[in-house]
Amino acid sequence: MKLLQLTDIHLTTPGNTIGGRDPNANFRRALDHILMLHDDAEAIFITGDLSDWGERDDYLRLRETLNGLPMPVHLCIGNHDDRSTFLSVFPECADDGGFVQDVIPLSLGHAITLDTWGPDTHAGHFCETRAAWLDSQLNTLPGPVWLFMHHNPVPLRIAPMDEIMLLDADRFQRCVALKKDKIYHVFHGHYHLPLSGSVSGIPFSAPRGTNHAGWPDFSATRLLSAADLTEAYSVIFAEPSYTMVHMVEFGYRGDVRSEESPDCASWNKLTMAR
Ligand SMILES: [Fe+2]
Ligand SMILES: [Fe+2]
């Protein structure tokens, strides 16, 4: 099963730039790259910060863009989004409690998109209502389950970044720990940094975003750091016995070489061994 994760697309008023880059153009470039190389993907997940400032026009343009894609696209909201404005354009994304979360059947198990949005803060939230909803879904679903969310559920150990992580991380960690055998992977975004690790024994990963990039400055005390690194998305191969996650730097403009060998027929030594 092939899935794709895009994160932190930060759509904005056409012509505007963020970090010197055009997020609308970069989102389109990411989609064109996907259509050229990964149109066999089963689904795309975009893990939040869909609009840079939660503006309705961004969501309207996003809806129109997604309508032109051959595969389904599932959305999370992030701290830069506005839940009510988003739902005014994507009303079908609300669950019964008004959160932007969903259970999506896949050819292998199910994906669950989580809502970690909270008003007036860049930090993430996972309240008792959302924990009860996730717990109920995890009790019902047979597994495997793939979780998609915006905020990171463990600290980066970088002070200003950890101020805006998932503030209810303890609640989230307790919730997933009870079902860790069912949850094969957690995919998140938020810092525009490639990250990987585990939470309650469950692997997680995040790709860099499709526009501006973060930088891990471990000495930072007050401000987030940024760098001019290449735009990226994730290609995920999800199988019963393994999950492979590639971060594809679609914004890379250099050459891609075939590695030469004196004897091309035996570059992997298999021919020589016979
Ligand atoms: Fe972001
Ligand atoms: Fe974010």
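Our structure is the block above this text.
Conventions adopted
- Sequence positions are assigned chain by chain, starting from 1 and proceeding in written order.
- Written order decides the labels, with chains lettered from A and ligands numbered from 1.
- Under the rules for a predicted model, residues below a pLDDT of 70 receive no local features and side-chain atom pairs below 80 are neither given nor counted, while totals for whole chains, interfaces and linings still include all residues.
- Side-chain metrics rest on all non-hydrogen atoms present in the structure, leaving aside hydrogens and water.
- A pair of strands counts as paired when DSSP detects no fewer than two bridges linking them.
- Under the scheme used here, helices are H or I runs from DSSP no shorter than 4 residues and strands are E runs no shorter than 2 residues, and both carry numbers assigned from the N terminus.
- Axes, fitted as lines to C-alpha atoms, cover a helix only where it is in contact. Angles between the N-to-C directions of the axes lie from 0 to 180 degrees.
- Cysteine sulfur atoms are paired as a disulfide whenever they come within 2.5 Å of each other.
- When accessible area is computed with a 1.4 Å probe and restricted to protein chains, residues below 20% of their type maximum are described as buried, those above 50% as exposed, and intermediate ones as partly exposed.
- Each metal site lists N, O and S donors within 2.8 Å (3.2 Å for Na, K and Ca). With water left out of the atoms, a site can look as if it is missing ligands.

(A) Summary view of the sheet that holds strand 5 (residues 110-113). A sheet is described by the order of its strands in space; here six strands give the open sequence 4-5-6-7-9-8, paired in mixed fashion. Edge positions in the open sheet fall to strand 4 (102-105) and strand 8 (195-199), since each of these has one partner strand only. For this sheet, the mean inter-axis angle between neighbouring strands, taken without regard to orientation, is 20 degrees. Bridge count between strand 6 (residues 145-148) and strand 7 (residues 183-187): four bridges; the pairing is parallel.

(B) Looking closely at the state of the cysteines. Summed over the entire model, instances satisfying the criterion amount to zero disulfides. Cys127 takes part in no disulfide bond, and the closest cysteine sulfur, belonging to Cys175, lies 11 Å away. For Cys127, a relative accessible area of 22% puts it in the partly exposed group.

(C) Fine view of the coordination of the iron ion (ligand 1). Protein ligation of the iron ion (ligand 1) involves Asp8 (OD), His10 (NE2), Asp49 (OD) and His192 (NE2), the donor distances falling in the range 2.0 to 2.2 Å. Counting gaps between the donor residues of the iron ion (ligand 1) yields the pattern D-x1-H-x38-D-x142-H. In this structure, the iron ion (ligand 1) is positioned 3.5 Å from the iron ion (ligand 2), and both are ligated by Asp49. With a gap of 143 residues between them, Asp49 in the loop between strand 2 (43-47) and helix 2 (56-67) and His192 in the loop between strand 7 and strand 8 connect regions that are remote in the sequence. Taking the relative accessible area as the measure of exposure, Asp49 reaches 1% and is therefore buried. Residue class for His192 comes out buried when judged on its relative accessible area of 8%.

In short, geometric facts, not functional conclusions.
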